[in-house]
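# Descriptive analysis of the structure
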Amino acid sequence: MSEKACPTCHIVTTGNVCPKCKSTSLSSDFSGLVIIFDPENSEIAKAMKVKEKGRYALRVR
Ligand SMILES: [Zn+2]
């Protein structure tokens, strides 16, 4: 199963639609997978403006 990342909110998903912004223009060309468990206390989450836990790509092309 291939994973794709949303260029807008950086969420990584195995589906064809972004679960957050409902975008269908997802990219399989991403790098820097991060898993955020605790957005409130995560510096990465703050830097990425992420407010929900989940899996995110640092860079999406
Ligand atoms: Zn999105």
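In case you missed it, the structure is sitting above this.
Keep in mind that what you see is a predicted model, and the values were worked out from it rather than measured.

Turning to the coordination of the zinc ion, a few remarks are in order. Protein coordination of the zinc ion is provided by Cys6 (SG), Cys9 (SG), Cys18 (SG) and Cys21 (SG), with donor distances spanning 2.1 to 2.3 Å. Around the zinc ion, the four donor atoms sit at angles spanning 101 to 119 degrees, and that spread fits a shape best called tetrahedral. The sequence pattern describing where the donors of the zinc ion fall on their chain is C-x2-C-x8-C-x2-C. Summarising the burial analysis for this pair, Cys6 and Cys9 share the class buried.

Another aspect to go through is the pattern of salt bridges. Counted according to the given criterion, the structure contains three salt bridges. Residue Arg55 pairs with Glu3 through a salt bridge whose shortest N-O separation is 2.8 Å. Here Glu3 lies in the segment before β1 (4–5) and Arg55 lies in strand β4 (residues 54–60), a separation of 52 residues in the sequence. For Arg55, a relative accessible area of 32% gives the class partly exposed. Overall, the relative accessible area of 26% leaves Glu3 in the partly exposed class.

Definitions and limits used
- Residues numbered from 1 in each chain as written.
- Predicted model: local features only at pLDDT ≥ 70, side-chain atom pairs only at ≥ 80, totals over all residues.
- Heavy atoms only, no water.
- Donors = N, O, S within 2.8 Å, 3.2 Å for Na, K, Ca; no water.
- Tetrahedral: all angles 85-135°; square planar, octahedral: opposite > 155°, others 65-115°.
- Buried < 20%, exposed > 50% of the residue type's maximum accessible area, 1.4 Å probe, protein only.
- Salt bridge = Lys/Arg side-chain N within 4 Å of Asp/Glu carboxyl O.
- Helix = DSSP H or I, 4+ residues; strand = E, 2+ residues; numbered from the N terminus.

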